[in-house]
Every structure is written in structure tokens, then in C-alpha cells.
Amino acid sequence: MGVSLSQLVEESVDIAWVYLQQTGELDNDAARYLTDAVEAMIRGGQRNRMFLANMAIIKYRALKEKGNVVPIRENA
């Protein structure tokens, strides 16, 4: 039996999160963006954790590079 979809999301985001944290690229907005990116790819049929994590990292970096990532304010 395979992994549940929620576990697949959790594990894929965790891989991406740890990598971004180790490279110093992690921002407050990363969790939401990574989760949304992984869920969208899963809806598209992708099930490989490493692929999901790597693509989420690539998409996050691209979005951040364009300046389209808006930090989440805790006290907003």
C-alpha cells in the first residue's frame, strides 16, 4: 500500500523546508507556498517526493527572485 496524500504532502514539504533552512533561504512565507505548490503538483498526478520537493524549491526560488513573495506579518 502506498503513502497517503497528506503524508506525501507533509514529507515533500519537509524535504524542501529542511533544504531551504540549511541554505538560509527560508522565509516566513515558505510553509504556505511550499504546501500550495506541492498540493498543486499532486493534483496534477505527481507522486514522487523528491520531484515534488525539488520543484517546490525551484518554484519558490523563482517567485522570490521576482519579488512576488510577500512576507507574512505575525501581528497583522
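Here's what I pulled together on the structure shown here. In this text, all values refer to a predicted model and were calculated from it rather than measured experimentally.

**Comments concerning the overall build of the protein**
Thought 1: For the protein, the count of helices and strands is three helices and zero strands.
Thought 2: Each helix and strand of the protein, placed in order from N terminus to C terminus, yields the pattern α-α-α.
Thought 3: Here the analysis covers contacts within the protein between residues at least 6 apart in sequence; of these, 64% occur between residues at least 24 apart.
Thought 4: Taken as a whole, the protein presents about 5300 Å² of accessible surface, with 51% of it coming from carbon and sulfur.

**Side note on the pattern of salt bridges**
Thought 1: Scanning all chains against the criterion turns up three salt bridges.
Thought 2: Among the ionic pairs, Glu11 bridges to Arg49, the shortest N-O distance being 2.3 Å. One end of the pair, Glu11, is in helix α1 (residues 5-23); the other, Arg49, is in helix α3 (residues 49-66), and 38 residues separate them in sequence.
Thought 3: For Glu11, a relative accessible area of 24% puts it in the partly exposed group.
Thought 4: The class of Arg49 is partly exposed, set by a relative accessible area of 33%.
Thought 5: Across the pair Glu25 and Arg61 runs a salt bridge whose closest N-O atoms are separated by 2.7 Å. Taken together, the positions of Glu25 in the loop between α1 and α2 (30-43) and Arg61 in helix α3 put the pair 36 residues apart, joining distant regions of the chain.
Thought 6: With a relative accessible area of 32%, Arg61 lands in the partly exposed category.

**Overview of α3**
Thought 1: In this model α3 runs 26 Å from its N-terminal to its C-terminal C-alpha over 18 residues, within 8% of the 26 Å that 1.5 Å per residue would give.
Thought 2: All buried positions along α3 are accounted for by Leu52, Ala53, Ala56, Ile57 and Tyr60. All buried residues of α3 lie within an arc of 130 degrees about the axis, which places them on one face of the element. In α3, those exposed residues whose orientation departs by more than 90 degrees from the buried face are Glu65 and Lys66.
Thought 3: Close packing links the buried residues of α3 with α1 and α2.
Thought 4: Its side-chain oxygen at 3.0 Å from the backbone nitrogen of Met50, Asn48 defines the N-terminal cap of α3.

Conventions used here
- Per-chain numbering applies: the sequence of each chain, read as written, is numbered from 1 onward.
- Confidence filtering applies because this is a predicted model: local features only for residues at pLDDT of at least 70, side-chain atom pairs given and counted only at 80 or more, and all residues used for totals across whole chains, interfaces and linings.
- Here the side-chain values reflect all heavy atoms present in the structure, with hydrogen atoms and water set aside.
- In this description a helix means any DSSP run of H or I spanning at least four residues, a strand means any run of E spanning at least two, and both kinds are numbered starting from the N terminus.
- Whether two residues are in contact is decided by their heavy atoms, any of which lying within 4.5 Å being enough.
- Calculation of accessible area relied on Shrake-Rupley with a 1.4 Å probe; when residues are assessed, cover is drawn exclusively from the protein chains displayed.
- By convention in these notes, a salt bridge is any Lys or Arg side-chain nitrogen within 4 Å of a carboxyl oxygen on Asp or Glu.
- Note on exposure labels: buried denotes an accessible area under 20% of the residue type's maximum, exposed denotes more than 50%, and partly exposed covers the range between, all computed with a 1.4 Å probe on protein chains only.
- In this scheme, a helix's expected span is set at 1.5 Å multiplied by one less than its residue total.
- The arc refers to the directions leading from the helix axis to the C-beta atoms.
- N or O atoms within 3.5 Å of each other form a polar contact, as long as, within protein, one can give a hydrogen and the other can take it, and as long as residues adjacent in sequence are counted only when both atoms are side-chain atoms.

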